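Residue strings, one per chain:
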Amino acid sequence: MTDDYYNRKYAEGDFDYNPEYELVWLQKHLIDRFGLQPGNRVLDLGCGKGLHASLLAGFDLQVFGVEKTVEGVKGAKERGSTAEFIQASAGDLATYFDEEYFDMIYCRGMSWFHRELHEVCEVTGVNVSEKVPGFFRFIKPGGLFVLQISTDFSGRCPENDVHNNRLSEFVRLFDPHGEIVHKSNWSGVEVTDDEQATAVKGNLVITTKK
Ligand SMILES: C[S@@+](CC[C@H](N)C(=O)[O-])C[C@H]1O[C@@H](n2cnc3c(N)ncnc32)[C@H](O)[C@@H]1O
């Protein structure tokens, strides 16, 4: 999906979220699971219209949201939380942040991770595997990169739609950058290998400790 697509989408509304559901999910599957503490610095990378960043800020975390689209950042700021929102590309973090700044980078569905992971994607122009090391520079030693992404793990990659990358392709992406400490579907069911993940389904949370 292009910037135009998301600008139009965010000008008209947002994804169909239930904020209460998302709040409970974040508490259980992010804050409690990974032991985030008040004052920890969290970056929501590709934060869209800022719902999750704003909810996280309510847990007394120091939250930043980076989002490429004007309308996303405008809507995120209008939520009035303590989170700070920056209109920028994920590739430009060095303009805004010091290295080893964050306790956690939380990346929920950022477009790059929806496509080819290990080669240049014609749509985004990005080879994600070449960008990921750049993200880890901004995480403290011992900090976490959490990717939450939709996939049915099948490897089906429709030309004009988001891809369903396999679990092993995500593992290959993060393995060089630390210890993968968590792999589950969005309900919290552990996923272990491609075959089991394809049977379990339910999308992916994969967490790497630097
Ligand atoms: C599927 S949406 C997810 C938005 C939000 N994280 C959520 O879960 O509602 C993908 C988001 O990634 C953003 N995005 C795409 N490329 C980006 C980039 N290079 N830098 C920052 N954000 C980007 C899009 O503008 C869009 O808001």
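Reading guide: rules and limits
Residues numbered from 1 in each chain as written. Predicted model: local features only at pLDDT ≥ 70, side-chain atom pairs only at ≥ 80, totals over all residues. Heavy atoms only, no water. Near = heavy atom within 4 Å. Polar contact = N/O pair within 3.5 Å; in protein donor to acceptor, adjacent residues only side chain to side chain. Areas by Shrake-Rupley, 256 points an atom, 1.4 Å probe, with all protein chains shown as cover. 1 Å grid on protein atoms, 1.4 Å probe; cavity = no way out; pocket = protein on both sides within 12 Å on 5 of 7 lines; lining within 4 Å. Sits in = over half its atoms within 2 Å of the grid points. Helix = DSSP H or I, 4+ residues; strand = E, 2+ residues; numbered from the N terminus. Buried < 20%, exposed > 50% of the residue type's maximum accessible area, 1.4 Å probe, protein only. Salt bridge = Lys/Arg side-chain N within 4 Å of Asp/Glu carboxyl O. Core = buried A, V, L, I, M, F, W, Y, C linked by side-chain atoms within 4.5 Å. Contact = heavy atoms within 4.5 Å. Lys, Arg positive; Asp, Glu negative; His and termini not counted.

The protein chain is annotated in an unreviewed UniProt entry as Methyltransferase domain-containing protein of Gimesia maris.

1. Topic: the site of the ligand
What surrounds the ligand is a group of 18 residues, the closest being Tyr-10, Tyr-17, Gly-46, Glu-67 and Arg-108. Gly-46 is positioned such that a nitrogen or oxygen atom in its backbone is 2.7 Å from a nitrogen atom of the ligand. In this structure, a nitrogen atom belonging to the ligand sits 3.4 Å away from a main-chain N or O atom of Lys-68. Contact with the protein chains removes 94% of the 600 Å² of surface that the ligand exposes when unbound. Among the detected pockets, the ligand sits in the largest pocket.

2. Some remarks on unusual backbone geometry
Despite not being glycine, Phe-153 has its phi angle at roughly 70°, a positive value. Inspection of the secondary structure puts Phe-153 in the loop between strand S5 (139-149) and helix H6 (167-174). The backbone phi angle of Lys-201 is positive, close to 55°, even though this residue is not glycine. Looking at where Lys-201 falls in the secondary structure, it is placed in the loop between helix H7 (194-200) and strand S7 (204-209). On the basis of relative accessibility, which here comes to 41%, the residue Lys-201 falls in the partly exposed class.

3. Quick word on the pattern of salt bridges
Taken as a whole and judged by the stated rule, the model has seven salt bridges. Arg-108 is the partner of Glu-22 in a salt bridge, and the nearest nitrogen-oxygen pair spans 3.6 Å. Of this pair, Glu-22 sits in helix H2 (residues 19-34) while Arg-108 is found in strand S4 (residues 102-108), placing the two residues 86 residues apart along the sequence. Of the two residues, Glu-22 and Arg-108, both sit in the buried class. Residue Arg-156 pairs with Asp-152 through a salt bridge whose shortest N-O separation is 3.0 Å. The class for Arg-156 is partly exposed, based on a relative accessible area of 48%.

4. Remarks on the nonpolar core
Formed by 37 residues in total, the largest nonpolar core has its most connected members in Leu-45, Phe-97, Phe-113, Phe-135, Phe-145 and Phe-174. Listed by contribution, the elements that provide at least two residues to this core are strand S1 (41-45), strand S2 (62-67), S4, helix H5 (128-136), S5, H6 and S7. When near neighbours in sequence (up to four residues on either side) are disregarded, Phe-135 contacts Leu-45, Ala-90, Leu-93, Ile-105, Met-110, Trp-112, Phe-113 and Phe-145. Of all hydrophobic cores here, the second largest spans 24 residues; its members include Leu-56, Val-63, Leu-144 and Val-205.

5. A look at the side chain of Asp-44
By secondary structure assignment, the location of Asp-44 is in strand S1. The buried charged residue Asp-44 lacks any salt bridge partner; its closest oppositely charged side chain belongs to Arg-108, at an N-O distance of 7.2 Å. Looking at Asp-44, its side chain comes within polar contact range of the main-chain nitrogen of Ala-53, at 3.5 Å. Setting aside its immediate chain neighbours within four residues, Asp-44 contacts His-52, Ala-53, Phe-64, Gly-65, Val-66 and Tyr-106.

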